[in-house]
Each structure stands twice: as C-alpha cells, then as structure tokens.
Amino acid sequence: MALIRRNAPVDDINEDELEVHDPKTAAAGIKAVTVAVDRGVSQAGVARTVRSMLRVNQRGGFDCPGCAWPESITGARKPAEFCENGAKAIAEENTLRTVGPEFWAAHSIKDLESRTEYWLGNQGRITEPVVIREGETHYSPISWADAFELVGEHIRAAAPERCVFYTSGRTANETAFMYQLFARSVGTNNLPDCSNMCHESSGSALNPTIGIGKGTVSLEDMHRAELILVVGQNPGTNHPRMLSALTECRANGGQVVAVNPLPEAGLMKFKDPQDPRNLARGGDQVADEFVQIRVGGDLALFQALGHLLLEEEARVPGSVVDHDFIAAQTEGFEDYRRARSHVDWAETEQATGLSRDRIERVAGMLAKSRATIICWALGVTQQPHSVNTLREIINLLLLQGNFGKPGAGACPVRGHSNVQGDRTMGIWEKPAEWLLAALDAEFGIDCPRGHGVDATETLEAFMDDQVDVFVSMGGNFALACSDTEALEAGMRRAGLTVHISTKPNRSHIVHGRTSLILPTLGRTDRDDKHPGGAQFLSVEDSMSVVHSTRGRLAPVSEHLLAEPVIIARMARATFGDGHPVNWRAMAEDYDVIRDHISRVIPGFENFNERIRTKNGFVLPNPPRDTRSFATDIGKGRFTVSPLEYLEAPEGHLILQTMRSHDQYNTTFYGLDDRYRGISNGRRVILVHPEDLAALGFADRDLVDVISTFKGTERRADKFRLVAYPTARGCAAAYFPEANVLVHRDLVARESNTPGYKAMTVRFIPHPEPQPS
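Just so it is clear, the model here is predicted, and its values are computed rather than measured. (Residues numbered from 1 in each chain as written. Predicted model: local features only at pLDDT ≥ 70, side-chain atom pairs only at ≥ 80, totals over all residues. Heavy atoms only, no water.)

Here we take up the pairing of strand β18 (residues 514-519). Of all the six residues making up β18, six are buried; the element is thus mostly covered by neighbouring parts of the structure. Side chains Thr514, Leu516 and Leu518 of β18 all project onto a buried face; the interleaved residues Ser515, Ile517 and Pro519 project onto the opposite face, where all are buried too. In terms of strand pairing, strand β5 (residues 130-132) meets β18 through three bridges, oriented antiparallel. Across the sheet, residue Val130 finds its bridge partner in β18, namely Ile517. (Buried < 20%, exposed > 50% of the residue type's maximum accessible area, 1.4 Å probe, protein only. Helix = DSSP H or I, 4+ residues; strand = E, 2+ residues; numbered from the N terminus. Pairing = 2+ DSSP bridges.)

Attention now moves to the pattern of salt bridges. Here the idea is simple: oppositely charged side chains can pair when their charged atoms come close. Under the counting rule described, the total for this entry stands at 55 salt bridges. When the shortest N-O distance is used, the salt bridge between Arg423 and Glu200 registers 3.0 Å. Residue Arg423 is located in helix α19 (residues 419-424), and its partner Glu200 is located in helix α8 (residues 200-210); the two are separated by 223 residues in the primary sequence. Ionic pairing is found between Arg676 and Asp673, a salt bridge with its closest N-O pair at 2.9 Å. If you follow the salt bridges from partner to partner, you end up with Arg39, Glu84, Lys88, Asp662 and Arg674 in one network. (Salt bridge = Lys/Arg side-chain N within 4 Å of Asp/Glu carboxyl O.)

Right, let's talk about the sheet that holds strand β12 (residues 289-291) for a bit. Ordered by their spatial adjacency, five strands build an open sheet running β12-β9-β8-β14-β15, and the pairing between neighbours is parallel. Each edge of the sheet is formed by a strand with only one pairing partner; in this case those strands are β12 and β15 (409-412). On average, each strand axis in the sheet is tilted by 15° relative to the strand beside it, whichever way the strands run. With three bridges connecting them, strand β9 (residues 255-259) and β12 associate as parallel partners. Paired with Ala258 across the bridge in β12 is Phe290. In the packing of helix α17 (residues 356-368) onto the sheet, the strands contacted are β8 (227-231), β9, β12 and β14 (372-376), and the crossing angle to β12 comes to about 130°. (Axes fitted to C-alpha atoms, helices over the stretch in contact; angles between N-to-C directions. Contact = heavy atoms within 4.5 Å.)

This next bit is on the packing of aromatic side chains. Aromatic ring pairs are defined here through the distance separating the ring centres and the angle between the ring planes. All told, the structure shown has 24 aromatic pairs when counted by the stated rule. Judged by centre distance (6.3 Å) and plane angle (45°), the ring pair of Phe462 and Phe477 falls under tilted. In this pair, Phe462 sits in helix α21 (residues 455-463) while Phe477 sits in helix α22 (residues 477-480), placing the two residues 15 residues apart along the sequence. The same class applies to Phe462 as to Phe477, namely buried. Aromatic side chains Phe575 and Trp583 sit 6.4 Å apart centroid to centroid with 20° between the ring planes, which places their arrangement in the stacked category. Relative accessible area serves as the criterion here: at 24%, Phe575 is assigned to the partly exposed category. Judged by its relative accessible area of 2%, Trp583 falls in the buried class. Clustering of aromatic rings is evident, with ring pairs tying together Phe165, Tyr179, Phe182, Phe575 and Trp583. The cationic tip of Arg610 hangs over the ring face of Phe617; the distance from NZ or CZ to the ring centre is 4.0 Å. (Phe/Tyr/Trp six-rings, centres within 6.5 Å; stacked < 30°, edge-to-face > 60°. Lys NZ or Arg CZ within 6 Å of the ring centre and 35° of its normal.)

On the surface, a cluster of nonpolar side chains totalling about 270 Å² of accessible area is made up of Val46, Val50 and Leu54. Examined against the element boundaries, Val46 turns out to sit in helix α1 (residues 30-53). Residue Val46 is classed as partly exposed on the basis of its relative accessible area, which comes to 42%. (Patch = residues over 30% accessible without salt bridge, like charges linked within 9 Å, V, L, I, M, F, W, Y side chains within 5 Å. Areas by Shrake-Rupley, 256 points an atom, 1.4 Å probe, with all protein chains shown as cover.)

All right, on to helix α13 (residues 298-315) then. Between its first and last C-alpha atoms α13 spans 26 Å; for 18 residues at 1.5 Å apiece the expected length is 26 Å, and the two agree. Extensive coverage of α13 is indicated by the burial of 14 of its 18 residues. (Expected span 1.5 Å × (residues − 1).)

Structurally, Thr424 is set in helix α19. A relative accessible area of 15% means that Thr424 is categorised as buried. There is a polar contact of 2.9 Å between the side chain of Thr424 and the side chain of Lys214. Discounting residues that sit within four places of it in the chain, Thr424 has contacts with Lys214, Glu540, Ile601, Phe604 and Leu619. (Polar contact = N/O pair within 3.5 Å; in protein donor to acceptor, adjacent residues only side chain to side chain.)

Turning next to a positive patch on the surface. Where like charges cluster on the molecular surface, the positive patch consists of Lys24, Lys31, Lys269 and Lys271. Checked against the element boundaries, Lys31 lands in helix α1. (Lys, Arg positive; Asp, Glu negative; His and termini not counted. Charge placed at Lys NZ, Arg CZ, Asp CG, Glu CD.)

Following this line, the structure appears as structure tokens:
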C-alpha cells in the first residue's frame, strides 16, 4: 500500500532530472492499478479514495471528471468502471490538500509566475473566494457577496460585445444551460469553449455531410463491428476504457487498424487488470494493423482508400459499394467517383510516408467489411485541412452504407467529460436561430443574434484590448490556447477576469487588472446546501447517452458553492431581482433547470423523469436511428476535396503536440509518461533517430525550437531532443509547453481550431551557460 503523503510538493519540475527508458509495448496491467491506488491514497487517504472508486461511473454514482467514454447501458458494469487516468483525475479532485488564505499570503504573483502547471495544480483545492486588484501583488480573501457585486458591477459597465464567457468540457448540462442563458441575457454570444480547440473540426465536417455534429455509434456497435479504424488517437492514455471495446471487437471476430504517427503502447497490446486470464496470457493484441502515417497525411490516405474501394467495385460489381443506400439517401456520388478515379501514387506515398502495398492492405480489409466504424480524435482535427480530411472519412462510410446498421458508423472520440453535452446545451458562439427563438419564448428575453467569438477569436480580442470582462467556467484558457505569450500579455490588460475553479492554474496568475477566483464543488463533492436537500446533475457521453451524476463526498471547505449557484448569484448581481429569468429558483432546485431544458432543447422531453431511470436515456440521432440525414438537402452528402498535406522545407520537421500519460488536457497529475519511457521532465521533443542525424543533432541534445509560419517565427527555449520511433519527417512535443510555437493564424479552415498538429519547426543548439 502506498504511503500517505498529503502535503503538496515543495519542489517544482527540474528538467535536468529527465529520465528516458525504452517505450512500453502494452498498456494498463497491474502497474496501472498500483499507480491509481498510490495517487488516490497519497492525495486523499484510504477512506475517501475507496468511497469514490466504488461510485465512479456506476449507476447512481458520479461521472468520472476525465474522459467522455461511455459505459454500458444494457449490461452489467465492472466493479472498477474506470481507468488509471480516471483514478488520477478523481484523486486530484478528492485531495485533502487545500489552498487557503495562507497560501495566497505566502506567494506573490511574481513568485507564482515562475511556477509550472504541475506545481500549481498539486497545491490542492481552493477553499474560499479571493481577489486581486490593480496594483496589488497578492490575492486576498473576499466575501461571496462582495465578489458577486464586483462581477455585476464590471458587467454592467461593459458593452456586451466586450464580455466573454468561456467554459471547459467538464461543466454539467444544467450548469452549461444556465451559463449560456446568462451570457445571452447579458447580450452576447461570446461563448468560446474547449470544443473550439479540439473537435470543432469534427462538427464542421459532420453537420453539412450527415446532418449532425456527433458520432453515430453506440458502445454495443463497437463490440459488433467487423472493422474499426482508430485514427489520430492514443486510447491507452486518453481513453483507456476504449481498449476494452477494441479487444472485445477482436474477440468477436472483428479487426482493428491503428493509424498514427507514433507507435503508442495502447495501440499494441492491452493488459486488462480486471481479467486474470488476460493478464496470465500477457494481454490481448489491440491493432491487427499499425499504419504509421506522417503527420498531416490522413487526407491523402483516405482519398487513396476511396480510390481503391471504387477500383475493387469496378472489378467485382456489387462487392463493395452500397448502391441502394447511395441512391436513396445520398447526393454527390458521381462527382466523388470521378474525383477518386485516379491517384498519384508517388505523391500519396510522399504525403503519407506509407507504401502503396500498405495502403492496399488496409483497403482490402475495408472492402471485406460489412460493418465498419472509423474513430478519430485530435490527431486529425488540428491541421489546416482537417475539415476536408474528416469529409473524406465520411465519404468512405457513405460509400459502403456504414450508417444506421449494427457495428457501423462515425465515432469522433470526445475528450473531456461532457464536452459534447455543453454544445448540446447551447454553449456555442454561432447559435442556431431555433435555439435563440426557443430561449426567447421560454424566458421572455431577447437573445442577441450576431455571432460571438470562438477561442481563437478570443485570443485575438485579448491581443487587441477588446475584452473588459472574461469569465471562465472551469478550464485553463491561458494554457489551452495557442500563441501563449501573446495571449498572456493580452489577458493581463483585461479589465476583470473571473475564474470559477477547483484548483490553482496558470490562468489565475496571468490575470486581468482585477481578478477573482471563485472556488466551486467538483463532481465527487456532495451538493446539499439547498432548501430541498441534495441535488444532482447530468452529463452526455461521447455516444449521446445522458445520465445523472451525483457526488457523495464532504467538500474540503464549507465556503465552496456549486456552479449553478455561482451562475445564479452572478446573474442576480448583474440584473437585480426584476429580471425575467428566475435565477434563484434554478439555483435552489435543479429540477427547475431541467424543466426549462425539456422545453428548449430537442430530445430532452420529460427530462426530469427520464434522467431518474437507471441508465438515463439516449438522444435522437437520425443517421443511427433511421438512416436519414438532416442536412440542408435532406440526404447524406459526398464531397470532393483537393489533395493536401503538410510539407516541411529542408532542415525542418512537422511538429505535433501530445499529452503525457500523467496528464489530462492542461492538468498534470505527475511527471511520468510511462508508456513512452519519459520521466521527470516535460520539455522534450521526440524525433526519429535518422532525422536527428540528418539535421546534425544527437539524442539528448539541448535545443531551442523555432516555428515558422507565413514569414513569422515563434520560439521555445531549452527542449531536450529524444530519439524515438516517430514517423519520418515528424516530431512530437507535449501540450501545452509547445503551444507557444503555434501562431494564432495557424488554424483549421472553417473550424478555426488551432494547428497543434501542424507546426513547421527547426532546432538550434541551446547556448551553453558561460562559466562565472
């Protein structure tokens, strides 16, 4: 059993202590269990850890604050329905470490500016609201009443278009609905969220082609599929419970193809710690085929696969293409067929880094499959041509009729728990007219109609001094966004920044001229300070299942408020009690929020009744449910895109960002990227050994990294090069340390998602320190 060590770390990251070992070839196993137990006990002790682990992702329990991977709604759930990284996320929230007035008194902003996110996040839960005003050097306590009055005062004094309301993906449905209602009551659609920085490209591709911005499969479909492609995704770290679904698919006779620039352990083998037989045989294979593609080469790959499928159909008519489905349910097929009639194989091999034989092998697997799912994540959503790449994925699925039948469909694997639900609840800067009209009718308000700013546009607004009030519902905007130095400078000039948070983070340190930190309850915390007793919330997972989440642990401080209560009190302080919306009623009884949602958001009819059923309910999904498509033409749409890929000039590489295994988004649980063999450091660049030699560098050289974009440069100093079996011509570094290298204009077309997987970089030796 781990030692109990609840004190926050005193020392910060020392990159000189970096350790590099051979990468692992299997994910999970007993090591994952011991790490999970150690993290939980060291942060929260035995009792709190056990109580939370017994309830996470269980019916009637709380939804893991980590990823949005679903649980079964038809069968029994495992006793431990969570993964190692889910356990780390829960330990971070359950922690008995606290950040009170003495912490803020002891640490000035100047001191905290030098701290890493690892050190800040590991200090513990914030216990009471604090404020820092212009000219002050330290945060200090403020009463809740005074804090809300300060928020109201600043919002009333600002023009609505100069107020921005950001949210992270962990925000529950009821909270998100209230939050967007608050922003629109202020008079703005400035509602950027973390979706803008991850899966916005997915929605931009899916809505026009299949009529819905969500995936079209269930967990049971994953088990029934004949073939699953996992593209630009590392499930072993980011969605470890997905490995169970992939190995069950293979056990049922299906096949799995992994398409990724890095040979991740979770794409190779899965050691299921809850299956003794699996452990005894050394784990189960995950991917039948590993396709090590160059960063940015996916569009070329999917165009080539489409060509090969059509070629096979011409050779054996009726063997591949679902002509009946295409004729009845789609448009644009003839244009697509003409566009894919020819492939330049030399250019395709250059774009993908793959041989023609390898691509033909995958095409053969696709041709034989009668039920295919294509999964993807950020590896294909964060490049200039991401939207076109995803349209090519949809083309392949439409070609074989892989919608509305068991084991088939599109599966964008969402990251943060309830990031999908936030968008369903109206968190979007480009709201549809039906939503605004429904809000107007329900509440007697006049919602603004003009589009607001997304995350990248918010960065630009900060840089142009166009933000007077910035409210962040969770999240860590300063580290999540691109062009870090420019963003932080702009944030410091804003009038008021408000952070509704559980723990300290970088955004609190690069604050506006006045800044508030408002501490809130987490997923695991009991929410019982209401006239009618304890309340619960709801979330939506990656596969459109809506279910309840209810915390049971005693909060670490009596001063914490629930997020719906914080929103209601901000609204009352802003508008007074004569506002048409009854904010107090919603804060006191979350059933009131759900009643409003049931009349505004389609699919949530009888919300209060259905959310209390054992498994919750599944939202309507026309492509999955009725094989129909709610596009502007009423059909699924084939599209044609030009070939496009990322090319680096001589002496440069294409750099992608990635998470470590001890990380979720901008939260660092520790410093051990166990599967890749990296420990005790984060400022590393993974580069193929042959590329290192060609560039004149060696393993462990210390370098400064220069990114180039449209004639401008960004710089990040003091990174360690690590020889690693990446795809040739490519490199990888951790997010968010490499975000500073992403120019704000390097974005995916149409979605405006930052190009975290599209940087062109070169290295220069880091200057050696001169002897004193």
